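# Structural characterization, general
As a plain string of letters, each chain reads:
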Amino acid sequence: MGSMSLWHWLIVLVVVVVVFGTSKLRNAGSDLGKAVKGFKDGMKGEEDGKTPASQTAQQTAQQVADKSTIDVDAREKTRH
């Protein structure tokens, strides 16, 4: 009773296909593949010393240094 047989997994597979349909499962597989590829590319970037996160930080620093932005202090309204 503790082990799952082949028939158990086949029935689970049929139920999943009936519930979700083949198109949703195909899209989920495609999305998962893209996520794995993105992860691998990110890991390669770390090995090269240039990560996407460091590029984003540099872009943010450039935006902060831009003189056309206005820095404003937000204050809470109080009723007197």
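Right above here is the structure, for reference.
First things first, this report covers the structure right here in the doc. (Residues numbered from 1 in each chain as written. Predicted model: local features only at pLDDT ≥ 70, side-chain atom pairs only at ≥ 80, totals over all residues. Heavy atoms only, no water.)

Turning next to the overall build of the protein. The secondary structure content of the protein amounts to two helices and zero strands. Burial analysis of the protein (80 residues in total) assigns 2% to the buried set. Total accessible area on the protein stands at roughly 8,000 Å², and carbon and sulfur atoms take up 60% of it. (Helix = DSSP H or I, 4+ residues; strand = E, 2+ residues; numbered from the N terminus. Buried < 20%, exposed > 50% of the residue type's maximum accessible area, 1.4 Å probe, protein only. Areas by Shrake-Rupley, 256 points an atom, 1.4 Å probe, with all protein chains shown as cover.)

Before going further, it helps to examine a nonpolar patch on the surface. A contiguous nonpolar surface patch, about 1,000 Å² in accessible area, is contributed by Leu6, Trp7, Leu10, Ile11, Leu13, Val15, Val17, Val19, Phe20 and Leu25. Within the secondary structure, isoleucine 11 sits in helix H1 (residues 6-48). Given the relative accessible area of 56%, isoleucine 11 is considered exposed. (Patch = residues over 30% accessible without salt bridge, like charges linked within 9 Å, V, L, I, M, F, W, Y side chains within 5 Å. Salt bridge = Lys/Arg side-chain N within 4 Å of Asp/Glu carboxyl O.)

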